[in-house]
Amino acid sequence: MATLILPGEWIKNWEKSGKHEFVQLCKELTEKTDHGNETKDIQAALYEVCSQVVQGNLKIDLVSAVLGEMMELRDDLPSILADVFCILDLETGALEEKNKRDYYTHLVGACLSFVPEAILKERLDPETLESLGLIKQAHQFNQKIVKIKTKLFYKQQKFNLLREENEGYAKLITELGQDLSGNITSTLVLESIKSLIGCFNLDPNRVLDIILEVYESRSEQDEFFLSLIKSYMCEPITLCHILGFKFKFYQEPNEETPKSLYHIAAALLNHKLIELEDLYVHLMPVDGTIVEEHKREISEAKQIARKLVTVVLPSEKSEDKEKEKEKEEEKNEKPPDNQKLGLLEALLRIGDWHHAQSIMDQMPSFYATSHKTIALALCQLVHLTVEPLYRRAGVPKGAKGCALQPLKNKRAPQPTESFEDLRKDTFSMLCYLGPHLSHDPILFAKIVRLGKSFMKEYQTDGRPEVKDKMEILLSCFLSIADQVLLPSLSLMECNACMSEELWGLFKLFPYQHRYRLYGQWKNETYSGHPLLVKVKAQTVERARYIMKRLTKENIKQSGRQIGKLSHSNPTILFDYMLSQIQWYDNLIVPVVDSLKYLTSLNYDVLAYCIIEALANPEKEKMKHDDTTLSLWLQSLASLCGAVFRKYPIELAGLLQYVTNQLKAGKSFDLLILKEVVQKMAGIEITDEMTSEQLEAMTGGEQLKAEGGYFGQIRNTKKSSQRLKDALLDHELALPLCLLMAQQRNGVVFLEGGEKHLKLVGHLYDQCHDTLVQFGGFLASNLSTEDYIKRVPSIDVLCNQFHTPHDAAFFLSRPMYAHQILSKYEELKKAEKGNRQQQKVTKYVAACEQVMTPVHEAVMSLHPARVWDDLRPQFYATFWSLTMYDLAVPHAAYEREVNKLKVQIKAIEENSEIPLNKKKKEKERCTALQEKLQEEEKKQMEHVQRVLHRLKLEKDSWLLTKSTKNETITKFLQLCLFPRCIFSSIDAVYCARFVELVHQQKTPNFCTLLCYDRVFSAIIYTVASCTENESHRYGRFLCCMLETVTRWHSNRAVYEKECVNYPGFLTIFRAAGFDGGNKADQLDYENFRHVVHKWHYMLTKASVHCLETGDYTHIRNILIVLTKILPCYPKVLNLGQALECRVHKICLEEKDKRPDLYALAMGYSGRLKSQKVHMVPENEFHHKDQPARSATPASQQNGPGSTGKPAANTSKTEEGGFEDGDRVKDKSQGTTKPVNKANSTTAKVTTSNGNGALNSTKAVKDDKEKSGKEKKEKKEKTPGSTPETKAENRREKQRDERAGKEERLLREGKEKTPKADREKVKLDEKSGKDDKAKAGNGEPVEPARDAVKESKNKEKGDRNAATATLKSPNPRSDSAESERDHKRRKLDSHSSPSHSSSVKLICHLHSSLQDSSNELKDPATKQHINFNSVARSKSREREVEKKDTESVQGRSKEKKEEKERKERKRDHGVNDREASQESKRRKDENGTNSSKNSQSASPSCDSPLTPEKEKTKRSKSSSKEKAESVKAERTSSGGKKESRHEKSEKKEKRDSAGGKEEKKQSRLTSTDNVH
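Residues numbered from 1 in each chain as written. Predicted model: local features only at pLDDT ≥ 70, side-chain atom pairs only at ≥ 80, totals over all residues. Heavy atoms only, no water.

1. So, the packing of aromatic side chains
Cut-off, in case you're wondering: Here the aromatic set is Phe, Tyr and Trp, taking the six-membered ring for Trp, and pairing holds for ring centres within 6.5 Å; pairs whose planes are under 30 degrees apart are stacked, those over 60 apart are edge-to-face, and all others are tilted. For a Lys NZ or an Arg CZ to count as sitting over a ring, it must be within 6 Å of the ring centre and within 35 degrees of the ring normal.
Counted by the stated rule, this structure contains 48 aromatic pairs. Ring-pair connections join several aromatic residues into one group, and the members of that group are F809, W867, F874, Y875, F878, W879, W957, F971, Y989, F993 and F1005. Lying over the aromatic face of F878, R979 brings its terminal NZ or CZ to 5.6 Å of the ring centre.

2. What about the packing of helix α44 (residues 872-880) against helix α48 (residues 964-980)?
What counts is decided by this rule: Interaxial angle, 0 to 180 degrees, is taken between N-to-C directions of lines fitted to C-alpha atoms, where a helix line uses only the stretch in contact. Think of it this way: any DSSP run of H or I at least four residues long counts as a helix, any run of E at least two long counts as a strand, and we number them from the N terminus. If an angle is under 35 degrees, it is roughly parallel; if it is over 145, roughly antiparallel; if it lies from 65 to 115, roughly perpendicular; otherwise it is oblique. Contact between two residues is taken to exist if any of their heavy atoms lie within 4.5 Å; hydrogens are not considered. Think of it as three bins: nonpolar holds Ala, Val, Leu, Ile, Met, Phe, Trp, Tyr, Cys and Pro, charged holds Asp, Glu, Lys and Arg, and polar takes everything else, Gly as well.
Relative orientation of the contacting elements α44 and α48 amounts to 5 degrees, with a least axis distance of 11 Å. Taken together, the axes of α44 and α48 are roughly parallel relative to one another. In this structure, α44 contributes F874, Y875, F878, W879 and S880 to the contact, and α48 contributes F971, L974, C975, L976, P978 and R979. Considered class by class, the residues forming the contact of α44 with α48 number nine nonpolar, one polar and one charged.

3. Side note on the packing of helix α54 (residues 1084-1107) against helix α55 (residues 1111-1123)
The line we're drawing: Here is the rule for handedness: rotate from the far helix to the near one, and if that takes an anticlockwise turn smaller than a right angle the crossing is left-handed, while a clockwise turn gives right-handed.
Relative to each other, α54 and α55 sit at 145 degrees, their axes nearing to 7 Å. Crossing of α54 over α55 shows left-handed handedness. In this structure, α54 contributes S1102, C1105 and L1106 to the contact, and α55 contributes H1113, I1114, I1117, L1118 and L1121. In terms of residue class, the contact of α54 with α55 is built from six nonpolar, two polar and no charged.

4. Focus: the pattern of salt bridges
Selection rule: We define a salt bridge as a side-chain nitrogen of Lys or Arg found within 4 Å of a carboxyl oxygen belonging to Asp or Glu. A simple rule labels every residue: compare its accessible area, found with a 1.4 Å probe on the protein chains alone, to the largest value its type can have, and call it buried under 20%, exposed over 50%, or partly exposed in between.
Evaluated as defined, the whole model comprises 48 salt bridges. Residue E420 is joined to R423 by a salt bridge in which the shortest nitrogen-to-oxygen separation is 2.9 Å. Residue classification places E420 among the partly exposed residues on the basis of a relative accessible area of 29%. Among the charged side chains, a salt-bridge network with shared partners connects R992, E995, E1042, R1046 and E1057.

5. What to know about helix α25 (residues 496-506)
Selection rule: Counting of polar contacts relies on pairs of N or O atoms within 3.5 Å, with two restrictions inside protein: one atom must be capable of donating a hydrogen and the other of accepting it, and residues adjacent in sequence are counted only when both atoms are side-chain atoms.
Most of α25 sits out of view: eight of its eleven residues are buried. Among all positions in α25, only M498, S499, E501, L502, W503, G504, L505 and F506 are buried. Among the structural elements, α23 (441-460), α24 (467-491), α26 (511-528), α28 (555-568) and α31 (600-614) are those in contact with the buried residues of α25. The distance from a side-chain oxygen at the start of α25 to the backbone nitrogen of C497 is 3.3 Å, and the residue carrying that oxygen is N495.

6. Things to note about the state of the cysteines
What counts here: Note on terminology: disulfide denotes any pair of cysteine sulfur atoms within 2.5 Å.
Inspection of the entire model under this criterion finds zero disulfides. Free cysteine: C975, not disulfide-bonded; nearest cysteine sulfur from C990 at 8.7 Å.

7. A short note on unusual backbone geometry
The step from M284 to P285 runs through a cis peptide bond, and the omega angle for that step is -5 degrees. Structurally, P285 is set in the loop between α16 (276-280) and α17 (287-309). Non-glycine residue N201 carries a positive phi angle of around 50 degrees. As for its placement among the helices and strands, N201 is situated in the loop between α11 (186-200) and α12 (204-217). When its relative accessible area of 30% is taken as the criterion, N201 is described as partly exposed. Although it is not a glycine, F366 sits at a positive phi angle of roughly 60 degrees. Relative to the assigned elements, F366 resides in the loop between α20 (353-361) and α21 (372-394).

Here it is, written out as structure tokens:
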């Protein structure tokens, strides 16, 4: 009992003040009206006082007097006091202290005067009553109580049926069945019933039963009968028993419980006349049976699903048996009458939701609502509940709707007036409905519309005080969508309207919420409900049926079937379709076309299903060989591009998925982004562009769209706009760019650890290509403001976001162009001037304003020492411009305009096209034509402005304080190489930019050195490229070679574009470029020699890569060679060397690496087709070796294409490499006093280790070759052919022209002195002796070698080039290992650096001498800076020598050709000849060494002893003499002489003359250099 604690002061001062205070308190409590609580308070006060008496704190008489006074306050106070005594009786009876029990007994005895005895006898224990004297004996009293209770409660009243009169029941029925429409009330009828019971001795229980029977038949009179029963009955349990007996009567087989009985039971429950727990036990079936039935339904559904999914081939007998069983089950099956469900339905009909909820809680989930009647009843209740809110907020504009009559039941759920009211009952009712809301599509639509209305309110109402409530409501609506709306949609039969209605709600959710709902729908919802299990299996079966029959021909019919199936169960359908597409990619096109009948919700679900399929953790994204991406991923990526382009599907989820994958360091899924951008925006990324396409890509946007892509990129405006909006709305544009740029380099280190190198390269290319494609999309589709707002400055991109510099400038470049253009327009508006000069000036000013901050920002990108060689302005200019800024593709514009003209003409001539369509097409073509012309004009003006700006800037680009070599190194390292492999257009841009810098006459920029470094160092560059980078690098080399080839092919072009340009200076003066000193310029013939050297270096690098056996080297060099095929090889022997090596690759890789085999075969075929355009070496550059031209073209420079490769070629080549280096090293210390000019030249080699040779090596080569010439000719060369003769004639004519030009250019011709000719004879004899001594291993005198060294310098250079071209040929197996060992040794050396201007001069001189082999015409002498007198004399001697000896050449040619034919006809190569050939080639090591040493490091071997060095020099000298005789015969025309002696005499005279000439030239050359 609740206690009201009295203050201790009242107890202590009871007589003074406590008594008064207590009475006052009790008066206040009696006067207070608190719905029954005042009784408890009075009880507590009385209990407190009495307990104080029991404890002995107060006197009994004082308290009894106060209690007696209080009895007057209320009538029921004696009863309340008796309750207090009852409690104290129990408490004191349990205590052991006897005194407290005595206090209690005395207190009750003192109160007997004002508490009635009857009340005390009801409340107190019999023992207490006995002690008080109220009863005599407690035992007898207990017996009497038991008898009375038995009589009252357990003894049944036996009515004598004979005494009962039927008339009473008849009157009772009449009384109950009368018309109740008048003033008849239940009270009047009850009095009549009482009279009938008393008059006719009726059984009250039978009367109650009859009342229920009549109520059942008149169930509409709820109010009357319920009040009657309420007044009539005294015990609810009796009523429950009677109802239970009624329900039990209908539990017999084949009995059906009437709905009226359910109704009266529900009504009685609703009015609380009976309790549900009391009635529930009388209903059948029991709960355990219901649970078992539910489990059986689920297992049957799953079994049916398994049967539908698995392919079974049953026999006919088993099928018949199954059909018979099904028929028998249908006959015997009659669902038992579930009285609990019947009562539940009745409760729902009258609106008693709480009792109905209690019944449903006793059953499995959704078991009750799986019965249609109950589902409909519950739906009706929800209708009535949401009606007011729906009328206010949910009804669409213009819709009327039908009004619903509210329930009369006041205890039904209250109608909702606001969204907050939905939380009371409506949401719980919907959750109990679950998927069975499908039975009422109208209610489905109402709930969805209420959701839409709430979402609009949620998005607009930003008040903080309602934020929490709105969040709770949002989660409720999401739960309803998950548990009710989507499962219900699955059970609806093809209701496209409901699907669209639901999308109206779902599109207001963020895609994260939507995708979570789809995931629950797909993966969990279908497993919980038997009906949904069956529906899933049926959908899969139907999808399989459709997909088996889907083709391009029946797309429309199949598409309709797919649409119908997708309206209800899109997740299941799309899951199956995607699994098929992953296996069969040829389904993509028909599937995409067949999806046109889908609803908007279905498209969104499709996007989710695609993302889920992509993120499937069970599927490997690589093939088993770990080198390529899996086909299923490629198929899904292709599907993504096609679907998202064709249909309006939201892209945010897919883009976020790719972004998240990149954040996780996974780049596989960039394939998806690549496909999406390509299909939606029409931007293709391919390195297989034709030259016409590439040219079109350098124009404006219209030209790009018309001629720049393979596919026709029309109708991409809407799709690209959707893609742009998705990127901007979700702020994914810049993050994607930055992540791709970072991931590109991260591929190698983060993903490339254990992956195959080929796969790593592929992923790198994919990442890079997607970045270029995506960046191009943003640049062309984002507005200027959007782009500038999102892309940070270049220093932030590189330093803060760690973006690679090339990618950072790629992203910033459009921003700079936008800013310059807007600033330019702003300046034009500020000052109105239309003159071109004013416009250009304003453009330059705009550029300065925009780019000045960029110049400052780029300073932080590299160390400070970098800017000692390059100016930030030059660096920023290079990276900020594009091909659009440098040149206008007039040919491309003209080509596209002509295409449009042809289209217009075809349209006019086509009579089948309707006139209106013809008119529209013509207008379209004409408008396009005008756009292109306008765009061309706009670009022309832009390019003029840019070139003017560059012309003003160029003087401050490069500094003079550093060496040209360092400047070029930094330019290549930081500008050219990173950008040339970025994209195909950038590759073209780099080549054109170099040409532009040259054309602008940029100070301190050495064009020659730049080209030389590009062509001479391709091995390492090629080896470090990926596959796509190789395509771009090849395109860059091709463009560079195009420029070089153009200059090489025409003297006039060369003189116009190169002569008097600072880029072609061979000596750089501190004072700058004066333009007038031709001695410092590289002349045309020397340039042709240099170009030949570059071609040779490309050949050597290519052969090296092909011979490594490494996959990457071979693949990349084949790609590069294919790209540069239009410009290289141009020299026949180089082409043959490549052809042989590529042929060997074809043979080796045929069964090993098919992709390399395919590349090699493709290149080999194209190389053969180019063979007709190749020329012999002496036509490619002016070479003074006419005797060689008499041999067939295929044999000109070594055994590059002979049918019988020499067995010892490898040794010859490698020996030449090593010996040449030894000679070079030694000559630097020994030949300085003899040849000062050449000692300077010998200090330096070219930048990549392919050094130019000095005159010492040339001397050795000449001596070595002269004695062996005839023997080599006989063994190697076949007879003369018509082609060879034709070539000889052409060379002869060319040499005659050259001789005439020399006569015009030079004056003061003199004949060769006789003394010189005599010296030649002596030198020739000594050369033969040296040769013999060298063959026997004897040393050669140093003095003689020194004399002949300078004389034969030029000829030695010429022969060296010829000899070393043997290196790229097929070799015998015996020499293979030695060759590989030496090649590895040579290629391992690093490139020497160029440290000073002096070294650069020497490098250029040596490069030119080395590659040209011999300077032929007078122009070549200018390069070495001879004085004018010595130059004219030497040229006279050479011209005269050619004229006098031309006659002797023919007879010698015929003789040699005849000998070669006889030797070839005699016998093949046997073992003895092979050994002789090997020995001979060892002797010729010196011949090959001079040229081969170009590709070797200058410090690779120790120097030779002086004796050996002299021996080789003498060999070279003697061999040179024989060569020069043959050369001079062919080059000069005139009569033939058959005597061989005459040619030898003439040779001796010329040699003597050359000796005098060279002595003089060396002196003057040295003076000039110093």
